[in-house]
Amino acid sequence: MKQTIDNLYKLDGRVPVAKALPFGLQHVLAMFVSNITPIMILANAVGLDSATSAMLIQNCMVIAGIGTLVQLYPIWRIGSRLPIVMGISFTFLSIAISIAASQGMGVLMGAVIIGGLVEGVLGLFAKYWIKLVPHVVAATVVTAIGFSLLPIGANSFAGGQGAADFGSIANWIVGSVTLLACLLCQVFAKGFIRSLSVLVGLIVGYILASLMGMVNLSGITEQPLFSMPHILPFTPEINIGALLSVVAVYLVSATETISSPCHISCPSLQR
């Protein structure tokens, strides 16, 4: 047992498959939810149709998968060789909605592409500029981002902004039971099961939602089982104002990342 625990804290440690699979599943499910939610909120805010929303979600998942593989198997100096599952940051949601609603998705896409390149270059020289960010600044940024996500979490808890049954008793029951399952698992479970509290909450919440008739899988049969992603569904456009705004948010996101990389991105490595 001690050898297994020690492996969790080694760069090249190997965790038994029986434990690696549930941890991996928890990461993927948590990432999946956090990836599609910002896209759905953005699409609803700017009035995109369901087909375009599905296309954006597909592209998002493909890029997240590629990013995760690069983290696991670095290319040159790009990648950490750590089990970090990549995904979308809610930090960009407000500015993304503002740009897309006022200037169009093309301008937003151009700003995101250029901003991503800027942050990528910064990442190559992180050991130099990381010293410019004091711990108190990093902690304040992370705290501010956490508080900014409270409205999004509250809306999702009630059923999702714009939902026909927003705030219904059924949504509150499912949300409360799911949260309670996570907390009880975190407090009373032992061993590695305790670190799977998110997965336990997802399973309990899904089963309860199914029993309450809130799960509808009819739309799955209407879509093809496999399809190729549509790269660049919108033609990128460059707008200096939008670009500078997105780059500024990228800098905030970079500060968040360097302040607590493993705590935020790798919860299963905390124990």
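Residues numbered from 1 in each chain as written. Predicted model: local features only at pLDDT ≥ 70, side-chain atom pairs only at ≥ 80, totals over all residues. Heavy atoms only, no water.

Participant: In this structure, what is going on with the overall build of the protein? I would like to understand it.
Facilitator: Each helix and strand counted, the protein has twelve helices and zero strands in total. The secondary structure elements of the protein, listed N-terminal to C-terminal, are α-α-α-α-α-α-α-α-α-α-α-α. Taken across its 271 residues, the protein has 28% of its residues classed as buried. Of the roughly 16,700 Å² of accessible surface on the protein, a fraction of 71% belongs to carbon and sulfur atoms. (Helix = DSSP H or I, 4+ residues; strand = E, 2+ residues; numbered from the N terminus. Buried < 20%, exposed > 50% of the residue type's maximum accessible area, 1.4 Å probe, protein only. Areas by Shrake-Rupley, 256 points an atom, 1.4 Å probe, with all protein chains shown as cover.)

Participant: Would you explain the nonpolar core in this entry?
Facilitator: Soluble globular proteins tend to pack their nonpolar side chains together in the buried interior. Membership of the largest hydrophobic core comes to 20 residues, with the highest contact counts inside it found for Leu-42, Ile-99, Met-105 and Leu-108. Elements represented by at least two residues in this core include exactly α2 (17-46), α3 (50-72), α4 (93-103), α5 (105-124) and α11 (240-259). When sequence neighbours within four positions are dropped, the list of residues in contact with Ile-99 reads Gly-104, Val-107, Leu-108, Ala-242 and Val-246. (Core = buried A, V, L, I, M, F, W, Y, C linked by side-chain atoms within 4.5 Å. Contact = heavy atoms within 4.5 Å.)

Participant: Would you mind showing me how to read the side chain of Ser-53 here?
Facilitator: Relative to the elements of secondary structure, Ser-53 occurs in helix α3. Ignoring any residue separated from it by four or fewer positions in sequence, one finds Ser-53 in contact with Ile-39, Ala-43 and Leu-48.

Participant: Where do I start with a nonpolar patch on the surface in this structure?
Facilitator: There is a patch of nonpolar side chains on the surface, built from Ile-169, Trp-172, Ile-173, Val-177, Ile-203, Val-204, Tyr-206, Ile-207, Leu-211, Met-212, Met-214 and Leu-217 and spanning about 1,100 Å² of accessible area. Mapped onto the nonpolar patch, the elements with two or more residues apiece are α9 (169-188) and α10 (197-211). Top contributing element to the nonpolar patch by residue count: α10, with five residues. As for its placement among the helices and strands, Trp-172 is situated in helix α9. (Patch = residues over 30% accessible without salt bridge, like charges linked within 9 Å, V, L, I, M, F, W, Y side chains within 5 Å. Salt bridge = Lys/Arg side-chain N within 4 Å of Asp/Glu carboxyl O.)

Participant: Sorry, what's going on with the packing of aromatic side chains here?
Facilitator: Two numbers describe a pair of aromatic rings. These are the distance of the centres and the angle of the planes. The full count for this structure, using the stated rule, is two aromatic pairs. Taking NZ or CZ as reference, Arg-77 lies 5.5 Å from the ring centre of Trp-76, over its face. (Phe/Tyr/Trp six-rings, centres within 6.5 Å; stacked < 30°, edge-to-face > 60°. Lys NZ or Arg CZ within 6 Å of the ring centre and 35° of its normal.)

Participant: Please explain the packing of α4 against α5 as it appears in this structure.
Facilitator: When two helices pack together, their arrangement is given by the angle between the helix axes and the distance between those axes. Direction vectors running N to C along α4 and α5 enclose 140°, while the axes themselves pass 7 Å from each other. Taken as axis vectors, α4 and α5 run oblique relative to one another. Mapping the contact onto sequence places Ala-96, Ile-99, Ala-100 and Gln-103 in α4 and Met-105, Val-107 and Leu-108 in α5. Residues that form the contact of α4 with α5 fall into these classes: six nonpolar, one polar and no charged. (Axes fitted to C-alpha atoms, helices over the stretch in contact; angles between N-to-C directions. Parallel < 35°, antiparallel > 145°, perpendicular 65-115°, else oblique. Nonpolar A, V, L, I, M, F, W, Y, C, P; charged D, E, K, R; others polar.)

Participant: Honestly, the confidence of the model for the protein in this entry has me stumped. Any pointers?
Facilitator: Predicted coordinates in areas of low pLDDT are best not read in detail. On average, residues of the protein carry a pLDDT of 80, and 88% of them reach 70 or more. By mean pLDDT, the top-scoring element of the protein is α9 (91), and the lowest-scoring one is helix α12 (residues 261-265) (43). The model gives residues 261-271 a pLDDT under 50, and that stretch makes 23 contacts with residues more than four places away or in other chains. (pLDDT = per-residue confidence, 0-100.)

Participant: What exactly am I supposed to notice about the environment of Val-200 here?
Facilitator: In this structure, Val-200 sits in helix α10. Relative accessible area serves as the criterion here: at 27%, Val-200 is assigned to the partly exposed category. Separated by 174 residues in the primary sequence, Val-200 and Gln-26 have C-alpha atoms spaced 8.8 Å apart.

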